[in-house]
Amino acid sequence: MNRGYRLLTLDCPQCGAPLAAEGEDVLYYCTACYSGFRLDSKTEELKPFEVSFVALSDRVAHEYRPFWRIPATIETTRDTGGSLLSPIAQFFFGDRSTTGHDPGKGIFVVPAFATPLERATTLADRYTAAFPQLGERLGEKLLGGIYSLEDAHKLAHFTFIAGEVEKPGILRDLDYKIQFEEPSLLGVPFTRDGKSWKDLIFGLRG
């Protein structure tokens, strides 16, 4: 007998309605009572968490795709050789230098759906640096959330480091620490663009 797997009933813990899901999903949204849940990889239980949707007034989304929304604090010391901060560093620290100052606070917004790393990093960089206003849309279908919270933390680290490496100027030294807080989920509107998908806020492919 294989003891590495067990069946999990995908009924909403809040209202009992069935939860829509795709094969590898670990994030779920109940359109009956507007509740969000994530599968805890350690306990294999559904844990509730907040879900918000980006509202559109003049365009119609073909689907909403899930993004992790993770408040965080970054502590860092860096030697930039006089170069500018990356967009994400500017979001967390403003225009000030990060050396010798208080920690920077902000929110990482990273894809929770399957997409190539280059696209995931681009989406995370843009949505983190220029976070859109949240609307009050509820009841949208939200599928494709296959990346766990641990995956989201790794992508946040990668996005921060990639931004520091790719910006103009020379990065001579970087020592940083990220403290993550309680996450929530963000539904972002996407539309079909030929054989691929494009988000309706910045026009980036996902």
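Data block above holds the structure.
Residues numbered from 1 in each chain as written. Predicted model: local features only at pLDDT ≥ 70, side-chain atom pairs only at ≥ 80, totals over all residues. Heavy atoms only, no water.

Further remarks concern the nonpolar core. If you look at the biggest cluster of nonpolar residues, it comprises 29 residues, and the most contacted ones within it are Trp68 and Phe108. For this core, the secondary-structure elements that each account for two or more residues are strand 1 (27-30), strand 4 (51-53), strand 5 (63-79), helix 1 (87-93), strand 6 (104-111), helix 2 (117-129), helix 3 (149-166) and strand 7 (173-180). For Phe108, the residues in contact, after removing those within four places along its chain, are Trp68, Arg69, Ile70, Ala72, Ile74, Ile88, Phe92, Thr128, Ala156, Phe160, Ile178 and Phe180. Phe67, Leu123, Tyr127 and Leu204 belong to the second largest nonpolar core, which has 12 residues in total. (Core = buried A, V, L, I, M, F, W, Y, C linked by side-chain atoms within 4.5 Å. Buried < 20%, exposed > 50% of the residue type's maximum accessible area, 1.4 Å probe, protein only. Helix = DSSP H or I, 4+ residues; strand = E, 2+ residues; numbered from the N terminus. Contact = heavy atoms within 4.5 Å.)

Moving on: the environment of Glu45. Here Glu45 lies in the loop between strand 2 (35-39) and strand 3 (46-49). On the basis of relative accessible area, Glu45 is assigned to the partly exposed category, the value being 46%.

In this fold, Arg69 is placed in strand 5. Lacking a salt bridge, the buried Arg69 has Glu50 as its closest oppositely charged neighbour, with an N-O distance of 5.5 Å. Ignoring anything within four residues of it in the chain, the contact list for Arg69 reads Ile107, Phe108, Phe131, Leu134, Pro183 and Ser184. (Lys, Arg positive; Asp, Glu negative; His and termini not counted. Salt bridge = Lys/Arg side-chain N within 4 Å of Asp/Glu carboxyl O.)

Counting buried positions along strand 8 (residues 184-193) gives eight out of 10 residues, so the element sits mostly inside the fold. Sheet analysis places strand 4 next to strand 8, joined by three bridges and oriented parallel. Paired with Ser52 across the two strands is Leu186, which belongs to strand 8. Relative to strand 9 (residues 196-199), strand 8 runs antiparallel, the two sharing four bridges. Its bridge partner lying in strand 9, Phe190 is registered against Asp199. (Pairing = 2+ DSSP bridges.)

Read these as spatial facts, not as claims about activity.
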